[in-house]
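Residue strings, one per chain:
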Amino acid sequence: MSGLLLAALQLATQPAQVPTARLWYRQPAEAWNHALPIGNGRLGAMVFGGLAQETIQLNEETLWSGGPYDPVVPGAHRALPEIRRLLFSGDIPAAHDLFGREMMGNPIEQMKYQPLGNLRLSFPGHEKATDYRRELDLGAGIVRVGYTVDGVRFTREAFISAVDQVIVIRVTADRPGAVSFTARLEGVRNPAHSNYGTDYFRMDPIPPNGLRLTGKSSDYLGVAGRVRYQADLLIRTDRGRTVTDRRTVSVDGADAATLILAAATNVVDYRDVSGDPAQRVVTTLARAAARGHAELREDHRREHAGWFDRVSLRLGESLPEADTLPTDLRIARHATKPDPGLAALYYQFGRYLLIASSRPGTEPANLQGIWNDNSNPWWDSKYTININLPMNYWPAETGNLAELVGPLEKLVREVAEAGTRTAREHWGASGWVLHQNTDLWRSTTPMDGPSWGTWPVGGAWLVTALFDSYRFSRDDGALGRLYPLLRDQTRFLLDILVEHPTRGVLVTAPSNSPENFPAWPGNGRFFDETSGLELTARTMAAGPTMDLQIVREVFAIFDQAAERLGVDSALRTRARAARARLAPNQIGRHGQLQEWLDDVDEIEPDHRHLSHLWGLYPGSEITPESTPELAGAAAVSLDRRGTGGCGWSYTWKMGLRARLRQGDGVLDQFRALLARSSLPNLFSLCGRALQVDGNLGGTAAIAEALLQSHAGTIHLLPALPAEWTTGQVTGLRARGGVTVDLSWAAGRPTAATLRPDRRGKLTLRAPGLVAATTGDRRVTVRRLGTDIVELAVEADREYRLAFDPAPRRR
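Summary of the structure given here.

### Some points on the state of the cysteines
A full pass over the atoms with the stated rule returns 0 disulfides. Cys686 supplies the cysteine sulfur nearest to Cys646, a cysteine that is in no disulfide, at a spacing of 3.1 Å.

Here it is, written out as structure tokens:
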């Protein structure tokens, strides 16, 4: 073996020196938006880390307003021909109004995700503390708070166990008998909407050492509040005295205390609220209470680490001064001083949020993940399909968390059931439809108003996301389970496409390009009778670019799936024929990728949505290699949008820049995200509320900068920012079922390891690759082009790649 190859292979086996993934602070959270999140996919909590007054805000994933309901309006599709006639004739205001009157769901809005309550802990005499530290240990899934009062060191830990399905808080002190506090479990009511007073809660003691919270969800928009819930708190102490009164449990003179909280609702699924929350809670709490704190903690830590430790990441050279700075100060400093490690921390924080808010068997992560303290949250903290829900799951596959896509698949199956009637009654179509939003009760009708609700391809987007998961696994069993959803979505799209009367192409009509305003003559501010709001402009259009990109993708993947499974040849023929007639991507007068069929500008040039760039990312029909002109036009569109919007908009731009191979553009957007649209706890900000989509989109985009596989080639370091010129990552996943470890220096790969799940041929774009080995055997490397090679691989073997550290210039 040559000296060069030996040295390269030695590099491949060196372990990554990865800093501990922690967020930490020198002060308590000033507001809910600054608290630290914990969760197990079903329960969530935000820990403030207060001194004399600690607040731990609580959530349970199925506590929503209302209950099972059906907003479908029978016969709504009868207005479609006239709406289309008005739209194609140019009378968009009349088409908008008619859609609002005839095709919206009833009610036109959806239900709200609700807070469960607050656990308040009072620590008399702790107002003046020193040596304060608050931290979130991402790898352990534990929030810790520590401080000193009168020479005594107090420590609190909080975690939510997926193993035991409880929230656990441990309070300790380094002096015997120093732990004294009072606990109160408070409910939350909604005082701010028209159904005020229809929700309720009760706070009761469970002597000798517990508290109970019970309640009912609120009615909303005429939908009866049918969710019942219960939360029980148990406090165990090491020595000391415990006293329960009407509202509180007081602990005095203990060495330590363990608080265990279980919570549940009566929700069985989106149609069924016949569950027994009391039985669920009592059983869960008794099981957890039979175990010691050390056992609860270790089982939680081990289970959490089983997800989190699948990927490690180090970016750039270690900066000792950065590791000594609290996270909020690192965020503030990042605008002017390089800190690659902060990007690595952000990446892992996103993975942590997905682990905490989406687990097998739970509901999907909503707009705020699983965390919400507001009975009237921004955008109802529900599931917004036109970017936010899909973005929540962008990092799952590359981040080696494939199983966490399960809740999204569950939601898609349920909206497909509910959306079958919506497709029939609102579009006169077979198959199923999902519009811009849904909620726990799987509403699928047009909602909010025509400016948003006309968009009919939400379900289509989601099936492309599920098919992309299949591209990673290549599991034919998963494809078979997905196929009925894909087939029936194809049927819906074939039924709603219409021929444009002057262009002769197939388009969706009516629709919109979420949520942007085309500057056609006369479009501008107007009062919308459906929503009762004065709006910036109308959005309705025929055949927006995004729609046709999504429809093309659905027809293509349906064709692939049906061929693979050997079924539905006639439907394949119809889909192929329709795909060939879809309106194409177009390049406009500015050199931009057009957002609409007509080459019109946007009323808001810096609009936050980038819908017409879907085909570049997360789609894959536009790439610099296969469609260079369209990729160039997409770059022009992206440049014209500028740097702005809200958190998820920045991170979508990060991903788009990565797909365009613009590494420094990725970093520019990331720097702007931290400076303009992030909170001190690294949460992404949209409006005045945290949203997890921006975090998860950022995590996905950082992975896209390091590894891409959407174009049939595993591309190493496709968009590496200059500040990240050295680094190491382990555990990333590529399409085709390949796990990738990668090290680099001076912006070039120095070593890589591939672990394929199945036998086949892998195509790599790997600059400087000189050799590949498996075990002690050299592997034939077939050269296909500049930096492009092909390897034949076997399943479950490890392939080590060696690189020339200083390749010759060509």
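From this point, the narrative continues.
### Section: the pattern of salt bridges
One pass over the full model with this rule turns up 67 salt bridges. A salt bridge links Arg22 to Asp137; the nearest nitrogen and oxygen atoms lie 3.6 Å apart. Here Arg22 is found in strand E1 (residues 22-25), whereas its partner Asp137 is found in strand E6 (residues 130-137), with 115 residues between them in sequence. Judged by relative accessible area, which is 30%, Arg22 ranks as partly exposed. A cluster of three or more residues bridged by salt bridges with shared partners is formed by Arg22, Arg133, Glu135, Asp137, Arg144, Glu157 and Arg297.

### A closer look at helix H13 (residues 458-473)
An α-helical turn contains 3.6 residues, so any two residues separated by three or four positions project in the same direction. Here H13 spans 24 Å end to end across 16 residues, near enough to the 22 Å set by a 1.5 Å rise per residue. With 14 of 16 residues buried, H13 lies mostly within the body of the structure. Looking at the residues trailing H13, positive phi occurs at Arg474, about 55 degrees.

### A closer look at empty space enclosed by the protein
Unfilled space is identified by rolling a water-sized probe across the atoms. Under the counting rule described, the total for this entry stands at 6 cavities of 30 Å³ or more. Lining the largest cavity are 25 residues, and of these Trp394, Ala465, Asp468, Pro618 and Arg735 sit closest to its centre. Of all the secondary structure elements, the ones that give two or more residues to the lining of the largest cavity are helix H10 (394-398), H13 and helix H20 (692-706). A per-element tally of the lining of the largest cavity places H13 first, with 7 residues.

### Considerations on the pairing of strand E30 (residues 727-734)
Judged by how many residues are buried, E30 sits mostly within the fold: 7 of 8 residues are covered. Here 4 bridges tie strand E17 (residues 312-315) to E30, and the two strands are oriented antiparallel to one another. Each bridged residue has a counterpart across the sheet, and for Leu313 the counterpart in E30 is Val729. Summarising the sheet, E30 and strand E31 (residues 738-745) pair through 6 bridges and their orientation is antiparallel. In the strand pairing of E31, Leu732 is matched with Val740. Joining the antiparallel neighbours E30 and E31 is a turn of 3 residues, in which Gly736 adopts a positive phi near 95 degrees.

The rules behind these values
- Residues numbered from 1 in each chain as written.
- Predicted model: local features only at pLDDT ≥ 70, side-chain atom pairs only at ≥ 80, totals over all residues.
- Heavy atoms only, no water.
- Disulfide = S-S within 2.5 Å.
- Salt bridge = Lys/Arg side-chain N within 4 Å of Asp/Glu carboxyl O.
- Helix = DSSP H or I, 4+ residues; strand = E, 2+ residues; numbered from the N terminus.
- Buried < 20%, exposed > 50% of the residue type's maximum accessible area, 1.4 Å probe, protein only.
- Expected span 1.5 Å × (residues − 1).
- 1 Å grid on protein atoms, 1.4 Å probe; cavity = no way out; pocket = protein on both sides within 12 Å on 5 of 7 lines; lining within 4 Å.
- Points joined across faces, edges and corners; volume = space filled by probe spheres on them.
- Pairing = 2+ DSSP bridges.

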